[in-house]
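Understanding the architecture of this molecule
As a plain string of letters, each chain reads:
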Amino acid sequence: MDGVKPMGTFRVGCKVENHVDRSRIARIARLLVDTGSECTWLPAEQLEKIGVQREKTVSFIMANGQTVTRDVGFAVLRVDKYFTIDEVVFAQKGDLLLLGSRSLEGMNLVVDAARKRLAAGGPVPAAGSQSTVQAG
């Protein structure tokens, strides 16, 4: 099945901003939308170029079972009109570039696998106020 793309996979473009200086921007043309990945993985060179700081080091278990260690920082991520601030992984050469589930949730986007696109998630659930909570 060499060269065959699994059903439901697609890529999106993303704009990445330094969360301290929003004028420092990188554009990532193609990120694989991956709800199986918690974190968003972006090229380390691009993150360094816009001044994203390495804040911590995290161990990750890859799909093949291998454990790798990567640095993580904070950035603003934008896909179309949607945006969030999130932790981003400094991806190294050979790593997949991914838009992960936490970033999707932060942007309130859901995957429309049939149409291979992202869609607005609708109203965000919130806890009820004191006046709406019924006494038991």
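The sections below set out a description of the structure shown in this document.

Here is what the cut-offs are and how they apply
- Counting starts from 1 at the beginning of each chain's written sequence and moves along it residue by residue.
- At least 70 in pLDDT is required for a residue's local features to be given in this predicted model, at least 80 for side-chain atom pairs to be given and counted, and no such filter applies to totals for whole chains, interfaces and linings, which use all residues.
- Side-chain figures throughout are based on the complete set of non-hydrogen atoms in the structure, without hydrogens or water.
- Basic side-chain nitrogens of Lys or Arg form a salt bridge, by our definition, when they fall within 4 Å of a carboxyl oxygen of Asp or Glu.
- Runs of H or I in DSSP of at least four residues are treated as helices and runs of E of at least two as strands, each being numbered from the N terminus.
- Exposure classes here rest on a 1.4 Å probe applied to the protein chains alone. A residue is buried below 20% of its type maximum, exposed above 50%, and partly exposed in between.

This part takes up the pattern of salt bridges. For the structure on display, the rule yields 11 salt bridges. Residue Asp71 is joined to Arg54 by a salt bridge in which the shortest nitrogen-to-oxygen separation is 2.7 Å. Of the two residues, Asp71 sits in strand S5 (residues 67–79) while Arg54 sits in the loop between helix H1 (44–49) and strand S4 (56–61), which places them 17 residues apart along the sequence. You can call Asp71 partly exposed: its relative accessible area is 22%. Take Arg54: its relative accessible area is 39%, and that puts it in the partly exposed class. Of the charged contacts, one joins Asp112 and Arg117 as a salt bridge, the two residues approaching to 3.6 Å between their closest N and O atoms. Overall, Asp112 belongs to the buried group, its relative accessible area being 14%.

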